[in-house]
Amino acid sequence: MTGKITRKGLQGVFLLFLITFSANALQAQEQTVFGAEEAIKSPAKIPSPILRQLRRDGRVRQCVAGKGAVKNSWFSAAAVDLNGDQETDYVVKAVNPCLFGANLAPFWVFHNLTHRYSLVLRADTLGLEIMPETTEDYHNIKLSRTTAVETGESILKFDGAKYQ
C-alpha cells in the first residue's frame, strides 16, 4: 500500500461527509418551539399507537361527545428527539378549536420506546419549548402561560418516567 489517495477513496470520504452533514443539518432543523397559535412547521404522520392514546384523553373525549369520532385532523405533530437516542419522539398539538381553552392549547409529548409510545407530558399551555439543557439525558421543557393577571414560565425536568 502506497499511501496514495485514490479517486475511489476520495468519493468514499466525500460520501461519508455528505451523510454526516445531512444528518446534522436535519437535526438542526428540528422544531423546538411550539405555540398555541402557530402551526407546526413540518408536520409528521402521527403513529396509530399515539392516536389511540389521544382518543382516550379526557378533554378529547369531552369534545367528541355527540360529535362522532375523533379524527386524525384534530391534531398536528412534530418529530423530535427528546434524549439523543435517534428514536423519533413526538410533540402533538391540538388543532381542533373544540380542544382549546382561553389562551391555551393542549400539547402532548410522547417518547418512543421502540415503537411503544409513552406519554411523558400533557399540558395546556400557550407555548412549549424543548430546551438545550438536559436532566436524566432528556431535554428540559419550558411551558409559557399568560392569563389576565400574570405571565409566567415553568421549566419541566424528566424524572425517569415523566416531565415534572
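Residues numbered from 1 in each chain as written. Predicted model: local features only at pLDDT ≥ 70, side-chain atom pairs only at ≥ 80, totals over all residues. Heavy atoms only, no water.

1. Some thoughts on helix α2 (residues 48-56)
When we look at burial in α2, the residues that qualify are Ile50, Leu51 and Leu54. The buried side chains of α2 occupy one side of the element, clustering within an arc of 100° when seen end-on. (Buried < 20%, exposed > 50% of the residue type's maximum accessible area, 1.4 Å probe, protein only. Helix = DSSP H or I, 4+ residues; strand = E, 2+ residues; numbered from the N terminus. Arc of directions from axis to C-beta.)

2. As for the pattern of salt bridges
Under the criterion given, the structure shown has five salt bridges. The shortest N-O distance in the salt bridge between Arg59 and Asp124 comes to 2.8 Å. Residue Arg59 is found in helix α3 (residues 58-64), and its partner Asp124 is found in strand β5 (residues 117-125); the two are separated by 65 residues along the sequence. Classification of Arg59 as partly exposed rests on a relative accessible area of 22%. Look at Asp124 and you get partly exposed, because its relative accessible area is 34%. As a salt-bridge pair, Asp124 and Arg122 come within 3.0 Å of each other at their nearest N and O atoms. Accessibility expressed as a relative area gives 29% for Arg122, which makes it partly exposed. Residues joined in a network through salt bridges with shared partners are Asp57, Arg59, Arg122 and Asp124. (Salt bridge = Lys/Arg side-chain N within 4 Å of Asp/Glu carboxyl O.)

3. Looking at the pairing of β5
Across eight bridges, strand β4 (residues 105-112) lies against β5 in antiparallel orientation. Among the inter-strand pairings, Asn112 is bridged to a residue of β5, identified as Tyr117. Taken together, β4 and the strand that follows it, β5, pair antiparallel across an intervening segment of four residues, in which Thr114 is found at a positive phi of about 50°. (Pairing = 2+ DSSP bridges.)

4. Here we look at the nonpolar core
Core analysis: the largest hydrophobic core is formed by 21 residues, its most contacted members being Phe34, Leu82, Val91, Val109, Leu121, Leu128 and Tyr163. Looking at this core, the elements that each hand over two or more residues are β2 (75-80), β4, β5, β6 (127-135) and β7 (138-146). Leaving out residues up to four positions away in the same chain, Tyr163 has contacts with Leu82, Val120, Leu121, Tyr138, His139, Asn140, Ile141, Leu156, Lys157 and Phe158. Within the second largest apolar cluster, 18 residues are counted, among which are Leu54, Cys63, Val70 and Ala77. (Core = buried A, V, L, I, M, F, W, Y, C linked by side-chain atoms within 4.5 Å. Contact = heavy atoms within 4.5 Å.)

5. Describing the state of the cysteines
Within this structure, the stated rule accounts for one disulfide. The side chain of Cys63 participates in a disulfide bridge whose partner is Cys98; the two sulfur atoms lie 1.7 Å from each other. Of this pair, Cys63 sits in helix α3 while Cys98 sits in the loop between β3 (89-94) and β4, and the two are 35 residues apart along the sequence. Using a relative accessible area of 32% as the deciding quantity, one classes Cys98 as partly exposed. (Disulfide = S-S within 2.5 Å.)

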